[in-house]
Amino acid sequence: MTLVMPEPSLDTIFDLVTGYQRTAALKTAIELDVFTAIGEGVDTVDALAKHCQAAPRGVRSLCDTLAAFGLLTKTEGRYGLGADAALFLDRHSPAFLGSIVGFIASPTVVEGFNRLTAAVRRGGTAIEEDGSLAPEHPMWVQFARDMGPIAAMTADLIANLVGADAGARWKVLDVAAGHGLYGIAIARRNPNAHVVALDWGNVLAVARENAAHAGVADRVRLLPGSAFTTDPGDGYDVVLLTNFLHHFDPPTCEKLLRKMHAALKPGGRAVALEFVPNDDRVTPPQAAAFSLVMLATTPHGDAYTFAELEQMFRNAGFGRTERHDLPPSPQRVVVAHRD
């Protein structure tokens, strides 16, 4: 059998080389509210330039580029929203997610990738002071605000996965709570749940706002401090570890998981949300590529396979561990049970 090799193409290389330009175009369009304006019917170059307080030449170049990549349509000089932009990038849409570009393209994350060659040589971030893990790092306040819309969707999926609607009397620990939305989703759907949100004090200010907005502030207690040194108490039914373990190496994760095991009551569950690549570590693409994000921004973080996470939980004393897909999110949930 003769294998037919595909013809060489520069498309993939060119896409990778110019990827930063697309990020900048999207970030600029969100900052100028181009998608929202077009959704409101402001759809010509001159009208958009006036509305967005920008130069006509700049608006034309920006919108044509976005149309070339399918976020906008263009017919006889008038722009429209593509399906993805209409759902996720128009501020009037209940599914608006445009704020995430503020964090994903934030100065700290971009600096990490600007120093990626040094990070690859070093085997960890080349940003000073432990990269994004420096205590009280202001980027986590930005994370809490900018990533809230997408976290709210994922939080509801997790609340459904763990059975929050059943209304059991739960004590929930939300570790590295940030915006607090994962614990808040459980409290909102379960009137008998009480949540302890643990994170740096500057970040918990966002969680306080979100809890008040959701009407559950009386059942969300804020606990400022480090997840590694602050005593959260015990007797928890559920411990939430959302987007946290990937920041650390396995020994550090196991140290934390032993602490969480002790905080849970028998029969309790630790629920981790992670980018979990398959065992080949190259699929699915988003989960696999997340390893590079951790290399660029943390000293020892990584994207762990389910087998690696399962081993960490087992070493920390947990029993059965399950993996759950969480469509449409590219992330997966790992649930570990305390016997």
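Residues numbered from 1 in each chain as written. Predicted model: local features only at pLDDT ≥ 70, side-chain atom pairs only at ≥ 80, totals over all residues. Heavy atoms only, no water.

A. Summary view of helix α11 (residues 148-161). The end-to-end C-alpha distance of α11, which contains 14 residues, comes to 19 Å, matching closely the 20 Å that a straight helix rising 1.5 Å per residue would cover. Here α11 has its buried residues at G148, A151, T154, A155, I158 and A159. The buried residues of α11 occupy an angular sector of 145° when the element is viewed end-on, so they sit on one face. The positive-phi residue at the C-terminal boundary of α11 is G163, with phi of around 80°. (Helix = DSSP H or I, 4+ residues; strand = E, 2+ residues; numbered from the N terminus. Expected span 1.5 Å × (residues − 1). Buried < 20%, exposed > 50% of the residue type's maximum accessible area, 1.4 Å probe, protein only. Arc of directions from axis to C-beta.)

B. Structural context of unusual backbone geometry. Cis rather than trans, the peptide bond between T283 and P284 has omega equal to -15°. Geometrically, the link from P327 to P328 is a cis peptide bond, its omega value of 5° lying close to zero. Tracing the backbone shows P328 in the loop between β8 (321-325) and β9 (332-337). Non-glycine residue Q53 carries a positive phi angle of around 55°.

C. Broad picture of the sheet that holds strand β7 (residues 264-274). On the basis of which strands lie adjacent, the open sheet formed by seven strands has the order β5-β4-β3-β6-β7-β9-β8 and mixed pairing. The outermost strands of the open sheet, each flanked by one partner alone, are β5 (220-224) and β8. Averaged over all neighbouring strand pairs, the angle between strand axes comes to 20°, with direction disregarded. (Pairing = 2+ DSSP bridges. Axes fitted to C-alpha atoms, helices over the stretch in contact; angles between N-to-C directions.)

D. Representation of the pairing of β9. Of all the six residues making up β9, six are buried; the element is thus mostly covered by neighbouring parts of the structure. Judged from the six bridges that link them, β7 and β9 form a sheet pairing that is antiparallel. The residue of β9 that forms the bridge with A270 is A336. Relative to β9, β8 runs antiparallel, the two being bridged by five bridges. Its bridge partner being in β9, D325 is matched across the sheet by R332. The hairpin turn running from β8 into β9, its antiparallel successor, is six residues long.

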